[in-house]
Amino acid sequence: MGRKKKQRIGQNTSINRSYETTLATVVCVALLFILLVPAFFGVYQVSEFLKMHLLTTVSIFIVLLVVRDKKVGFLETKLDYLLIAIVVLYVVSIFWSEYVKFALAEALKYINYFLVFWLISQFLKSHEIRMVCKILFFIGLVSAGLAFLGYFKVLDWEGLVRFGRLVGTLKYSNSFAAYVSAMIALGYYLFQKEEKKQSVYLLGTYFLTLALFGSQSRIMWLIFFPGILIFGLGYPENKKEMLVKIVAITFIAFVASLFIFGQYPLYLKLAVLIVGGIFSYGIQWAFRKIAGGLNKKFLLPLALIIVALFCLLTYNLLDLVDAGRIINRFKSIDLQAGSAQARLVFYQDAFEIMKQSNFLGGGGGAWNVHFPLVRSHYYFTSEAHSHLWKTGTEIGVLGMGLFLGVFLLVVYYMFKNRRDPEAWSLAIAFLFIYLHSLLDLDLSLGFMALVAWSLLGLFNHKIKNAGGNLKQLKIPKLAVIGFLSLYFLVLLPISISVSYSSNLGAKDTYDNVVAKLEKAIMLYPLDAQNYATLGAAHFQAFQQTQEQKYLDLALEMSEKAISREYNNYNWFLLKAEFLLAKGQLEDTVALLQEGRPYLFKFENQVYADTANLFKRVALEAEEDNNETLAKQALEEIITLWERAQAEVASVEPRFLNSWAEKENILQYDPFLIEVIYAYDNLDEQTKAKELAQELSEETIAENEWLNNIL
């Protein structure tokens, strides 16, 4: 009996070990897929986000199939509850959002991020945290490596380098800088923990630091330099040695970057890159050989001597005159610079959006819905360039408070667990991304958000192990599987719908376009753009055949587009075009008046198109001998002109000169022509003549009727 019992215990132990090993392997592989695939397309577009969501869902579903427990942990720490509160707010904001499509998209994103956070917090083992850090670090090295290959023109991939700045696979230099900064912190941590590979991690960290300088992100530089010093000063193990390595590697990378990103021949850039790598790789070896017989207080001077030798070598090799690119970038750091001032305007406009919503915000995508209506001068950006303000526009003051709460909790637990090098490193890595996201769009990019929430998951794991948490809330595994199934069922039709609508080609026939869009709408009826595109296809068929049924279908689709996204003035213009074609002149004027509160501010072409519609109404009304309606339509053009004048008058002079992409509305010839026509036909020839003198010679030559006014 005793032998059988011992044998059974041994078998159970073996089975448990096998199970733990299998689960650990599946979790790590799942995280590798979740993080690695999005890293190589950054995740910007709707289709890319949907791929990311599907990949996460399937990966976690497989993990749960391996888990044998009937209940799984769900909430335990304060960070758990704070993050789930953000997710819940985004989900419920769908019900009061002004465009459900945007709100649903944001809710799906946050569900995805929380699932990754939860997977890491619940199923990762403590000894596997380092493995995930290695995965993130490795992805950073690959992205930086591709960026350098693009910079040296070995690869001709679009987007790896932009305007001489390293972008990597993230497609945006500032976010790339935030990511590599976080990976530099992880690199120094891995350097301390991986004794046999210390030189390799120093070399990798040097390479990532070069990439940081190559990104030329001034905001990230301002965050990185004090941040990495705080990291070294607060590191709980071998503090002096860590600080010395940080100073040495950073200075070597900085000096090397002056030449690598300067105006030098390729062979010299490569020489400096390699020599800097040799110095970085050899630092640990030199320290082991020399520092054994030295007092630790000599380590910093020794590191500075090594850096000085590298500087002397590069100075003798190269002329510093052409090394000004990075230095000039540092000199251009100024809160009065154009990019800094533009961001301040975005934040002011975000505050205006918040004032127009209730304290719970306008739902996901509120910035995209409202910024054309509140902007204080002409600009176009789909992001508020601050995740704090973006959160405020979407889920209100409460959401902003929760987002700030993440920072406070991480800092609190970072110092509370400051003796733990892992917790300290993870917190600093996350804070690099978080602090930069306060001034840029990092967390609006799918991969960057995944990295940030993954770091939070790893950090949360450390918090749980440190103790002093809330009572753990467990939920049935079947409930999670059911939720994932529902999540997948929501994602799948949206993904197929986007596939149909995004595969429309210029050569597609009318029947093909209609068939694809009808399928897209059937699978995902929330996208106003699909209705508008389908309406435009029907209208084109009407113009070609003059069959009334196509015009009726076009009008029906435009009405549905407006009902889905009422705040989008483009849909009012579209419907007005169809009403005008149908001869419903009064309805056309009434519709444009209805949509006027949603007229995009400072949009020249929108003003010109609206004025043109009113002119066409006036012309047709004159043909119908409806002088009252004709006069009303012309007066509407003057009202538009007065509104445009008021808008431009409200703009600060410094912004009037920065409209590089578009002319000033008051100088935009297609709009001016319509206003001149209105003034001329309202018997105000003096004003018409004054405006006509502002037109270009080319425009006057193309419109002979203007000669009668001039």
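Placed above this text is the structure.
What comes next is a walk through the structure. (Residues numbered from 1 in each chain as written. Predicted model: local features only at pLDDT ≥ 70, side-chain atom pairs only at ≥ 80, totals over all residues. Heavy atoms only, no water.)

Some points on the overall build of the chain
Spelled out, the test is: Segments assigned H or I by DSSP are reported as helices when at least four residues long, segments assigned E as strands when at least two residues long, and all are numbered from the N terminus. Summary of the burial criterion: residues with accessible area below 20% of their type's maximum are buried, those above 50% are exposed, and those between are partly exposed, where the area comes from a 1.4 Å probe applied to protein chains only. In what follows, a contact means two residues having at least one pair of non-hydrogen atoms within 4.5 Å. Working definition of accessibility: Shrake-Rupley area with a 1.4 Å probe, residue cover restricted to the visible protein chains.
Across its full length, the chain carries 30 helices and 4 strands. By residue count, 55% of the 710 residues in the chain fall in the buried class. If you take every contact in the chain between residues at least 6 apart in sequence, the share linking residues at least 24 apart comes to 75%. As displayed, the chain has an accessible area near 31,600 Å², and 59% of this comes from carbon and sulfur atoms.

Comments concerning the packing of aromatic side chains
Basically, it comes down to this: Under the pairing criterion, centres of Phe, Tyr and Trp rings, with the six-membered ring standing for Trp, must be within 6.5 Å; the plane angle then separates stacked pairs below 30 degrees from edge-to-face pairs above 60, leaving the rest tilted. Remark: a charge is flagged as sitting over a ring if the NZ atom of Lys or the CZ atom of Arg is within 6 Å of the ring centre and within 35 degrees of the ring normal.
Taken as a whole, this structure holds 45 aromatic pairs when the rule is applied. Between Phe137 and Tyr201, the ring centres sit 5.6 Å apart and the planes meet at 50°, which makes this aromatic pair tilted. With Phe137 in helix 5 (residues 129-151) and Tyr201 in helix 7 (residues 198-215), this residue pair connects regions lying 64 residues apart in the sequence. Taking relative accessible area as the criterion, Phe137 reaches 4% and is therefore assigned buried. According to the relative accessible area criterion, Tyr201 is buried, its value standing at 9%. With a centroid separation of 4.7 Å and an interplanar angle of 25°, the aromatic rings of Phe403 and Tyr434 are classed as stacked. On the criterion of sequence distance, the pair formed by Phe403 in helix 15 (residues 387-416) and Tyr434 in helix 16 (residues 421-437) is long-range, its members being 31 residues apart. What links up through ring pairs into an aromatic cluster is the set Phe74, Tyr90, Tyr110, Tyr113, Phe114, Phe117 and Trp453. Lying across the ring of Tyr19, Arg68 places its NZ or CZ 4.1 Å from the centre. Above the plane of the ring of Tyr677 lies Lys615, whose end atom (NZ or CZ) is 5.4 Å from the centre.

Section: the pattern of salt bridges
To keep it simple, the criterion reads: Note on definitions: salt bridges are taken to be side-chain nitrogens of Lys or Arg within 4 Å of carboxyl oxygens of Asp or Glu.
A complete count under the given rule lists 25 salt bridges for this structure. The residue Lys462 makes a salt bridge to Glu422 at a minimum N-O spacing of 2.8 Å. Within this pair, whereas Lys462 is found in helix 17 (residues 446-466), its partner Glu422 is found in helix 16, the two being separated by 40 residues in sequence. Given the relative accessible area of 14%, Lys462 is considered buried. With its nearest N and O atoms 3.2 Å apart, the salt bridge here joins Arg643 to Glu647. With Arg643 and Glu647 both in helix 25 (residues 627-649) and 4 residues apart, this pair spans about one turn of that helix. Look at Arg643 and you get partly exposed, because its relative accessible area is 24%. Residues participating in the shared-partner salt-bridge network are Glu106, Lys109, Lys390 and Glu394.

Concerning helix 19 (residues 510-523)
Counted only if it meets this: Helix span, as expected, comes to 1.5 Å for every residue beyond the first. Arc, as used here, means the arc of the directions from the helix axis to the C-beta atoms.
Counted at 1.5 Å a residue, the expected span for helix 19 with its 14 residues is 20 Å, and the 20 Å between its end C-alpha atoms agrees. Within the span of helix 19, buried status applies to Val513, Val514, Leu517, Ala520 and Ile521. Looking straight down helix 19, one finds its buried side chains confined to an arc of 130°; they lie on one side. The outward face of helix 19, more than 90 degrees from its buried face, is lined by the exposed residues Asp511 and Met522.

A short note on the packing of helix 4 (residues 100-123) against helix 17
What counts is decided by this rule: For helices, the fitted line uses only the C-alpha atoms of the stretch in contact; every axis is such a line through C-alpha atoms, and the angle between N-to-C directions lies from 0 to 180 degrees. Helix crossings get a hand from a simple test, with the near helix turned counterclockwise from the far one by less than a right angle marking a left-handed crossing and a clockwise turn marking a right-handed one. Residue polarity follows a fixed list, in which Ala, Val, Leu, Ile, Met, Phe, Trp, Tyr, Cys and Pro are nonpolar, Asp, Glu, Lys and Arg are charged, and the others, Gly among them, are polar.
Two elements in contact, helix 4 and helix 17, have axes whose closest approach is 8 Å; the angle formed by their N-to-C orientations is 35°. The crossing of helix 4 and helix 17 is right-handed. Counting all contacts with helix 4, which are made through Tyr110, Asn112, Tyr113, Phe114, Val116, Phe117, Ile120, Ser121 and Gln122, the residues of helix 17 involved are Gly446, Ala449, Leu450, Trp453, Ser454, Leu456, Gly457, Leu458, Asn460, His461 and Lys464. The residue inventory of the contact of helix 4 with helix 17, partitioned by class, reads 11 nonpolar, 8 polar and 1 charged.

Looking at the environment of Phe41
Among the structural elements, Phe41 can be located in the loop between helix 1 (2-39) and helix 2 (46-66). Take Phe41: its relative accessible area is 18%, and that puts it in the buried class. Spatially, the C-alpha atom of Phe41 lies 6.5 Å from that of Leu170, the residues being 129 residues apart in sequence. When near neighbours in sequence (up to four residues on either side) are disregarded, Phe41 contacts Glu48, Thr169 and Lys171.

Focus: the side chain of Glu128
Selection rule: When charges are tallied, Lys and Arg are placed among the positive residues and Asp and Glu among the negative ones, while His and the ends of the chain are skipped.
By the element assignment, Glu128 lies in the loop between helix 4 and helix 5. Buried and unpaired, Glu128 has Lys125 as its nearest opposite-charge partner, separated by 7.0 Å. When residues no more than four places from it in sequence are discounted, the contact partners of Glu128 are Ala24, Cys28 and Phe123.

Looking at the nonpolar core
Selection criterion: In plain words, nonpolar cores are sets of buried Ala, Val, Leu, Ile, Met, Phe, Trp, Tyr and Cys residues tied together by side-chain atoms within 4.5 Å.
Core analysis: the biggest nonpolar cluster contains 152 residues, and Leu83, Ile260 and Leu455 have the highest contact counts within it. Ranked by the residues each element gives to this core, the list is headed by helix 4, at 15 residues. Ignoring anything within four residues of it in the chain, the contact list for Leu455 reads Leu136, Leu186, Leu426, Ala429, Phe430 and Ile433. Formed by 88 residues, the second largest nonpolar core is a distinct cluster that contains Ala528, Ala618, Leu634 and Ala678.

Here we look at helix 3 (residues 78-92)
The end-to-end C-alpha distance of helix 3, which contains 15 residues, comes to 21 Å, matching closely the 21 Å that a straight helix rising 1.5 Å per residue would cover. Residues of helix 3 that are buried: Leu79, Asp80, Leu82, Leu83, Ile84, Ile86, Val87, Leu89 and Tyr90. Packed against the buried residues of helix 3 are strand 1 (71-75), helix 4, helix 15 and helix 17.

Notes on a nonpolar patch on the surface
As a reminder, the rule being used: The residues that make up patches have over 30% relative accessible area and no salt bridge, and they are joined within 9 Å when like-charged or within 5 Å when they are Val, Leu, Ile, Met, Phe, Trp or Tyr.
A contiguous nonpolar surface patch, about 370 Å² in accessible area, is contributed by Leu266, Leu270, Ile274 and Ile278. Counting through the fold element by element, Ile278 comes out in helix 10 (residues 266-290).

Details of the environment of Val369
By the secondary structure assignment, Val369 is in helix 14 (residues 366-374). Judged by relative accessible area, which is 10%, Val369 ranks as buried. With 198 residues separating them in the primary sequence, Val369 and Asn567 have C-alpha atoms 6.8 Å apart. Among residues more than four places away in sequence, those in contact with Val369 are Tyr99, Phe102 and Asn567.

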